[in-house]
Amino acid sequence: MHLWLRTRWIPVLAAALVAYAALTAAAGDTLVDLPSLGSDAARPLVLFAPLLTCMGLALSLSSRLPAAEASGSRPVARFDQALVLITVLATVAVAYTVTVLLDAPTANTAGRNTAFLVGLMLCARRVAGHQVAAITPVAWVITMMLIGNSGGNGQAQPWSVILMPPDHIPAALTATVMLALGTASAPAAPILRDAS
């Protein structure tokens, strides 16, 4: 367990969670004008907070000792799954706390969006390896900023997930399913081997 904690760079992940909490609290309900191909709708600044957690988690999960982990008797894969779930639960708790304390309902989307993006990242990790997984959440956020709305009225497309309002139940269910799929695929080796 001690070797796993050192190998997974837990302090880096903790720093990413602190940065996530700070950005979520600072952003609150703040809207920013961002480039979009569909409309001029302002987007919540808090959309970018989950990327900090995703980057920290991607770095943590990619720091491995493959030979030692394969030959050891510890359930390293289960430790990784627990790390993913604890991290996402922490982000959901932070988002909810910010929502309640600062009366900023939009901040509550940060937890849901983190669950979705982490699940997406882990699925990409399984299919394409660590390098692709690290950029997948960023690519999703940028793509949704550009094409995630319907025409000129600024309404978000349901498939965008991260652009949906805080009380959007299908988006919450989609995020939960994506996190479950990603967590289930976390112990498996990537189908495509990383070049390392």
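> Can you lay out the overall build of the protein for me, pointing to particular residues and giving the numbers?
Across its full length, the protein carries eight helices and four strands. The linear arrangement of helices and strands in the protein, starting from the amino end, is α-α-β-β-α-α-α-α-α-β-β-α. Looking at the 196 residues of the protein, the share that counts as buried comes to 43%. Summarising the internal contacts of the protein: among those between residues at least 6 apart in sequence, 73% fall at separations of at least 24. With the model as given, the accessible surface of the protein reaches about 9600 Å², and the carbon-plus-sulfur share is 71%.

> Residue-level account of helix α2 (residues 10–27), with values.
What sets the pattern is the α-helix's 3.6 residues per turn: residues three or four places apart point alike. The terminal C-alpha atoms of α2, which comprises 18 residues, lie 25 Å apart, in line with the 26 Å expected from a rise of 1.5 Å per residue. Burial in α2 covers these residues: Leu-13, Ala-16, Tyr-20, Thr-24 and Ala-27. Buried residues of α2, viewed axially, fall in a sector of 75°; they line one side. Exposed and oriented more than 90 degrees from the buried face of α2 are Pro-11, Val-18 and Ala-26. The inward-facing, buried residues of α2 contact α3 (49–62), α5 (76–102) and α6 (109–128). Note on α2: the residue one or two positions beyond its end, Gly-28, has a positive phi of about 50°.

> Go over the confidence of the model for the protein, please, and point to the residues and values.
Model confidence for the protein is summarised by a mean pLDDT of 84, while 81% of its residues fall at 70 or above. When pLDDT is averaged over each helix and strand of the protein, the minimum, 54, is found for helix α4 (residues 66–71) and the maximum, 94, for helix α8 (residues 169–185).

> How would you summarise the packing of α5 against α6 if you had to cite specific residues and measurements?
At a minimum axis distance of 7 Å, the contact between α5 and α6 shows a crossing angle of 160°. It follows from the interaxial angle that α5 and α6 lie roughly antiparallel. In terms of crossing hand, the pair formed by α5 and α6 is right-handed. Only Ala-110, Gly-111, Thr-114, Ala-115, Val-118 and Leu-122 of α6 make contact with α5, whose side of the interface consists of Val-84, Val-88, Thr-91, Val-92 and Ala-95. For the contact of α5 with α6, a count of residues per class yields eight nonpolar, three polar and no charged.

> Can you tell me about the environment of Val-94, naming the residues and giving the values?
Secondary-structure assignment places Val-94 in helix α5. Residues in contact with Val-94, not counting those within four places in the same chain, are Tyr-20 and Ala-21.

> Tell me what's going on with the environment of His-130, and back it up with residues and numbers.
In this structure, His-130 sits in helix α7 (residues 130–147). On the basis of relative accessibility, which here comes to 16%, the residue His-130 falls in the buried class. As a C-alpha pair, His-130 and Leu-59 span 71 residues in sequence and 8.7 Å in three-dimensional space.

> Provide a residue-level description of the side chain of Thr-183, including the pertinent values.
Tracing the backbone shows Thr-183 in helix α8. Judged by its relative accessible area of 7%, Thr-183 is buried. In this structure, Thr-183 is in contact with Gln-81, Val-84, Leu-85 and Leu-122, ignoring residues within four places of it in sequence.

> Can you lay out the packing of aromatic side chains for me, pointing to particular residues and giving the numbers?
Ring pairs (aromatic) are described by centroid distance and by the angle formed between their planes. The final tally for this structure, using the stated rule, is one aromatic pair. Both rings, one in Phe-116 and one in Trp-140, keep their centres 5.4 Å apart while their planes meet at 55°; by these two values the pair is tilted. Of this pair, Phe-116 sits in helix α6 while Trp-140 sits in helix α7, and the two are 24 residues apart along the sequence. Taking relative accessible area as the criterion, Phe-116 reaches 3% and is therefore assigned buried. Owing to a relative accessible area of 22%, Trp-140 belongs among the partly exposed residues under this scheme.

> Which residues make up the environment of Thr-176, and what are the values?
Here Thr-176 lies in helix α8. Measuring from C-alpha to C-alpha, the distance between Thr-176 and Asn-113 comes to 9.9 Å, with 63 residues separating the pair along the chain. At 2.9 Å, the side chain of Thr-176 forms a polar contact with the backbone oxygen of Ala-172.

How each quantity is defined
- Residues numbered from 1 in each chain as written.
- Predicted model: local features only at pLDDT ≥ 70, side-chain atom pairs only at ≥ 80, totals over all residues.
- Heavy atoms only, no water.
- Helix = DSSP H or I, 4+ residues; strand = E, 2+ residues; numbered from the N terminus.
- Buried < 20%, exposed > 50% of the residue type's maximum accessible area, 1.4 Å probe, protein only.
- Contact = heavy atoms within 4.5 Å.
- Areas by Shrake-Rupley, 256 points an atom, 1.4 Å probe, with all protein chains shown as cover.
- Expected span 1.5 Å × (residues − 1).
- Arc of directions from axis to C-beta.
- pLDDT = per-residue confidence, 0-100.
- Axes fitted to C-alpha atoms, helices over the stretch in contact; angles between N-to-C directions.
- Parallel < 35°, antiparallel > 145°, perpendicular 65-115°, else oblique.
- Left-handed = near helix turned anticlockwise from the far one by under 90°.
- Nonpolar A, V, L, I, M, F, W, Y, C, P; charged D, E, K, R; others polar.
- Phe/Tyr/Trp six-rings, centres within 6.5 Å; stacked < 30°, edge-to-face > 60°.
- Polar contact = N/O pair within 3.5 Å; in protein donor to acceptor, adjacent residues only side chain to side chain.

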